[in-house]
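Secondary and tertiary structure notes
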Amino acid sequence: MKKTKLEKSNFPESVKRISISTLLLVFVVTLLSLFALPKLQTQYSLKQFLPQDNPLLKRDEHTRQLFQLPDSQPFIITAKISHPSETWFEKDKIQSLERLTDLLAHFPGVKNTLSLATVQGAINSDDGLSVGPLLKNLPKEKWATETTNNPLISPTLVSKDGRTASVIVNVKSLNTSEILHLRQNLEVTANAAVPFSKVEIGGTPAVQTDVGVLLQTEIRNFVVLGFLACFLVLGLIFSNWSPLIISFVVILCANIIVLAIMALAGYPFSILSSTIPILTTVDVVSLCIHTLLRYSEERKNQPHASHHELVTYTFKTLLGPNFIASMTTMIGFLALLTVKVPLIRDYGITAAISITTGWVVTTLLLFPMLYFLPGPKARLWAWSKARWGLYLFRRSGVWAFLIILVSSALAIKGQSLSWSARLFDDLPANHQVRLSTERIDKELGGMIPIDIELSGKPDAWNDPKLLARLDQHLAEIRGLKGVGSVVGLPDLVAAANIHHSRLPASRSSTAEVFFLYSLSSNSPLKNFLNTDSSNTRVSVRTQDLPGNELHSLVLNIKQLTEQKFPELKVDITGMGSTIHHLNNELSHELIFGFWQSMAAICLLLIFVFRSVRWALVACIPNLVPPAALLGFLALSETPIKPSVAIIFSIALGLAFNNTVYLLERLRAIQKKYPRSRELEIEKTLWREGNPCLISSMTLLAGFSVFMASYFAMNRIFGFYMLLSMLAGLVGDLILLPTLLKSCPWLLNSVPWKKEKIMATASALFMALFISFSPTPTVAQTGEGTPTVEQIGEQMSQRLRSKDEEFQVAMKIIEADGSSKDREMHIWRLSPTKKEHYLMVRMEKPQDLKGTALLATLKNEEEEKWIYLPSSKQTRRLTGESGQGGILGSELSTEDFDFNREQGAKNVLKKTVEVKGKKYFLIESDVNSTSANYSKIISFVQADEYLPMKSECYDKQGKLLKILDVVGYKKVSPTKWRASKIKIRNVQNKRGTEITLSRVKLDQGLKTSRFTPKALSEN
């Protein structure tokens, strides 16, 4: 009988205590981790795949700021009339749409809304000029023709057939749970408001929320299916229950701890990190299988050794290989840290954490659980020798040659990869958000935005000839295949139609149109023309085209634009011009960046094996998976996306597992027979082949659950992960053994020259592969402190006047620092509390000189008139002007109004001291009386009772604007006026500076001064 090499001894009692302590430690950590799991969130966004600090994205951000575009993509509610003979051009339906649009605008988190019922416009009619909601100023019989032929409206807000309308809901910066809650409220409200139509919720936020919900379901499915798949494999391998119990406990503890670490570290589940539970499970099971099968092998080889001795021997033998196998896998993921994409970097970190945690938990639990439970009993086929290796070794040279040849051919074929991915083809088929996205894409002007920015000299776009050229160019772009809708500055000018022609004939006429739009509460002009009229934007929306087709379309649009406007600078921005380019760039980096992983793993193996040669040989079989991936991706014409390209780094780390176990076993055998000159590769495969094969089967079973995913992306991910692991099996269990059988000198000691030649050849082979590859409330606040009512009365005595005349210089400052100056002469008369008159005559810029505006308010009835000097006509302004910025500035009509009672509830909060001066801090609740604000906090100088600063908060309670009033001067014995007012919008970063001069108060102005006829008099 063969003598065992293990020493017979009583198992130390200290080992029992350490084992029990270790088990208790891991179980306590696992139980505590359960409390962190509710913090784990899911998150999905197209922006997750975009790199940081990219020049293209910075240019895109500059365009958004210049034209005051929203930072985030909107929800798009589509409503299609159910009855085929009806359209939206009916009064009751438009009223329902208007109520819905207005209701949604007041939802928490909503910035603003827009629909066919509320879209603003300027209409020239017999009654005068109307600025406000378009349909309210049009006869019903003209609704269909005026809207479907207006590029500003159709097809974006209503389809050409009039049956599908959309409500665009622009949202503020919200977290995932807030967006999900808002999305649910939008759907419920829309269905209740327009029950005669089929409502769907689309747009990027809808994609984000729906995918997030599906991810939660998918993660649960992955965990369950992954467990079942792995335990099925374990049941086929072992004939007793202890391996299943051990594996179940280790998998459960490892997954819970990994998820807790993600939750505590603030890493949400993304469409990539939904794979983490599977990665953790298959990694842990792989470690368990190698360890448990080695125990079964050693029990056969050392029949006289006790169970405790076999456990100790197995644990010591595999501690190193298990660690190295986990390290190589972890390095594959850590290589993703070099990618400038937060989502992918975070995925690399979380995956590395899961692999490391899996190894730690497995190492801590396996020994004590094996110690206390019966030893595993492997089925005969599982622990038997790998007899299938005998066939391979008969024709080892042929096998090695064929694999290298096929791998090289696939790598060469991989040069013709498909870059034709679409943005929204990952959404589940027939899912509501997918159907809504397709409807928007087909009927409502497309999903993918492209912006054309044309830059010239200041006031360049006041030139009617340039506008006419742009109008022609817009018609050309609309004719391009794949373009859904085009809107530009000529469309806005034409929509005004104040000169009985599509476009104005003079610069002054153009300036008057722009001035007219500035009177609107929410002028669309700001999105198409910057402050000094030097830059304009053309908004193009395309269908969700394949990446290569969209790229060609963008290039075509840019080329045509540059040919049409050679004297201007042309920039193309927007999602359509950036996202595919960035995704392709990122995908290329991920595919060929796996060499970083290869180099890092190779460096690690040099230290492990203490041999450069062994480390290089270990890399050879692991070139097969990337070659196979490149070839099959090209042959199947699978569109390349970052979510596909990331497989290369992942697969490489996993592929090295079997290489490590094989070469570690080979090195152990070579040390056992130091005098043998033969390379014991047959014996190595004979003993280690089945554990590696079985471990790979577990990986295959675990990753196969991705084939049942909701998402095409995850199904593709799963398929190519399976392919890469099969290729890894070929490389490790066929190529590596047969290559070493035919060329044992690769590892054996050889003369220096021959070793140098082989090292050079290996380097050349790898290089070749690379080449392929405010009424107040009275409140006494303290002794000697005035009440709010008393403060208000003192302010009124200093500021209120019956009439006044003054000169105003207004400077409008955009977020990017650019500015536009305007000068005007203003007269105001308020003979009673219910009667007010205001006249404004423009003096600068020159194009607007003489343009005058009259506004009157009598018994709450307001009238507005405008004088246009280019046509010498005075027209009445009808419609709703709302509470927008005055002349495009950040100054609202309600920001300063000392003559009209606001009905606000005022509270004197406290007295503060700033730079030695005392101020009353008054908080005004204006939520029920203001269209824009919920509250206003005012700082009133205590000694002079003059308002110095106001902080205005929006309807959601967030700071919106700050008004600073400086340079107060006495303009009469008892009246004061500020010389300058500064308004800063902290949300959109815009500002306005107003300088007042030549102020005259209480001159005795008459109402006859404020008539439409007086507008045309200088």
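I will try to describe carefully the structure that is included in this document.

Some points on the overall build of the protein
On a plain count of helices and strands, the protein comes out with 29 helices and 23 strands. Looking at the 1018 residues of the protein, the share that counts as buried comes to 58%.

Overview of the sheet that holds strand 1 (residues 75–81)
Strand-to-strand pairing in sheets goes through backbone hydrogen bonds, with the strands running parallel or antiparallel. Here we have four strands laid out as an open sheet, ordered 2-5-1-6, and antiparallel in their pairing. Sheet topology places strand 2 (110–115) and strand 6 (197–202) at the edges, where each strand pairs with a single neighbour. With strand direction ignored, the average angle separating the axes of adjacent strands in the sheet is 20°. Bridge count between strand 2 and strand 5 (residues 164–171): five bridges; the pairing is antiparallel.

A few points about the side chain of E200
In this fold, E200 is placed in strand 6. Residue class for E200 comes out buried when judged on its relative accessible area of 4%. Of the polar contacts made by the side chain of E200, one reaches the side chain of R439; its length is 3.2 Å. Residues in contact with E200, not counting those within four places in the same chain, are I76, I77, T78, Q432, L435, S436 and R439.

Observations concerning the sheet that holds strand 9 (residues 535–542)
With antiparallel pairing, four strands are arranged side by side in an open sheet as 8-9-7-10. Strands with a single pairing partner mark the edges of an open sheet, and in this sheet they are strand 8 (483–487) and strand 10 (569–573). Averaged over neighbouring strand pairs, the angle between their axes works out to 20° when direction is ignored. Summarising the sheet, strand 7 (residues 448–455) and strand 9 pair through eight bridges and their orientation is antiparallel. In the sheet register, E453 faces strand 9, and the bridge partner there is R537. Packed onto the sheet, helix 15 (residues 464–478) meets strand 7, strand 8 and strand 9 and runs at close to 165° relative to strand 8.

Here we look at the packing of helix 9 (residues 307–334) against helix 10 (residues 342–372)
Running from amino to carboxyl end, helix 9 crosses helix 10 at an angle of 180°, the nearest separation of the two axes being 10 Å. In terms of their interaxial angle, helix 9 and helix 10 are classed as roughly antiparallel.

Notes on the side chain of D441
Tracing the backbone shows D441 in helix 14 (residues 432–443). Engagement of the side chain of D441 in a polar contact is seen with the backbone nitrogen of M447, the distance being 3.4 Å. With residues up to four places along the chain from it excluded, the contact list for D441 reads G446, M447, T542, Q543 and D544.

Looking at the environment of A378
As for its position among the elements, A378 is in the loop between helix 10 and helix 11 (380–383). Residue A378 is classed as buried on the basis of its relative accessible area, which comes to 11%. Along the sequence, A378 and P243 sit 135 residues apart, while their C-alpha atoms lie 9.2 Å from each other.

A short note on the nonpolar core
Counting residues in each nonpolar core, the largest one holds 142 residues, and the members touching the most others are Y347 and F703. Top element by residues in this core is helix 26 (residues 712–742). It accounts for 14 residues. The contacts of Y347, once residues within four sequence positions are left out, are L272, S273, T275, I276, L279, F333, L336, I646, I650 and F717. If you look at the next biggest cluster of nonpolar residues, it comprises 87 residues, including V158, L186, A206 and F565.

Quick notes on a nonpolar patch on the surface
Taken together, the side chains of V28, L31, L32, L34 and F35 make up a nonpolar region of the molecular surface, amounting to roughly 530 Å² of accessible area. Locating F35 in the fold gives a position in the loop between helix 1 (13–33) and helix 2 (55–66).

Observations regarding helix 18 (residues 547–564)
With 18 residues, helix 18 ought to run about 26 Å at 1.5 Å a step, and its terminal C-alpha atoms sit 26 Å apart, in line with that. Buried residues of helix 18: G547, L550, L553, V554, I557 and T561, and no others. Angular distribution of buried residues about the axis of helix 18 spans 125°; they occupy a single face of the element.

Side note on the packing of aromatic side chains
If you walk through the whole model with that rule in mind, you get ten aromatic pairs. Aromatic pair F719 and Y720: ring centres 5.0 Å apart, planes at 85°, arrangement edge-to-face. The class of F719 is partly exposed, set by a relative accessible area of 40%. Since its relative accessible area comes to 4%, Y720 is described here as buried.

Things to note about the pattern of salt bridges
Counted by the stated rule, this structure contains 27 salt bridges. Between R64 and E61 there is a salt bridge; the shortest N-O distance is 2.1 Å. A residue pair is termed a helical-turn pair when its members lie 3 or 4 positions apart in one helix, as R64 and E61 do in helix 2 at three residues. A relative accessible area of 18% means that R64 is categorised as buried. Of the residues examined, E61 reaches a relative accessible area of 27% and is grouped as partly exposed. Between E476 and K564 there is a salt bridge whose closest N-O contact spans 3.9 Å.

Thresholds applied
- Residues numbered from 1 in each chain as written.
- Predicted model: local features only at pLDDT ≥ 70, side-chain atom pairs only at ≥ 80, totals over all residues.
- Heavy atoms only, no water.
- Helix = DSSP H or I, 4+ residues; strand = E, 2+ residues; numbered from the N terminus.
- Buried < 20%, exposed > 50% of the residue type's maximum accessible area, 1.4 Å probe, protein only.
- Pairing = 2+ DSSP bridges.
- Axes fitted to C-alpha atoms, helices over the stretch in contact; angles between N-to-C directions.
- Polar contact = N/O pair within 3.5 Å; in protein donor to acceptor, adjacent residues only side chain to side chain.
- Contact = heavy atoms within 4.5 Å.
- Parallel < 35°, antiparallel > 145°, perpendicular 65-115°, else oblique.
- Core = buried A, V, L, I, M, F, W, Y, C linked by side-chain atoms within 4.5 Å.
- Patch = residues over 30% accessible without salt bridge, like charges linked within 9 Å, V, L, I, M, F, W, Y side chains within 5 Å.
- Areas by Shrake-Rupley, 256 points an atom, 1.4 Å probe, with all protein chains shown as cover.
- Salt bridge = Lys/Arg side-chain N within 4 Å of Asp/Glu carboxyl O.
- Expected span 1.5 Å × (residues − 1).
- Arc of directions from axis to C-beta.
- Phe/Tyr/Trp six-rings, centres within 6.5 Å; stacked < 30°, edge-to-face > 60°.

Everything listed here is a matter of coordinates, which is why it stays silent on function.
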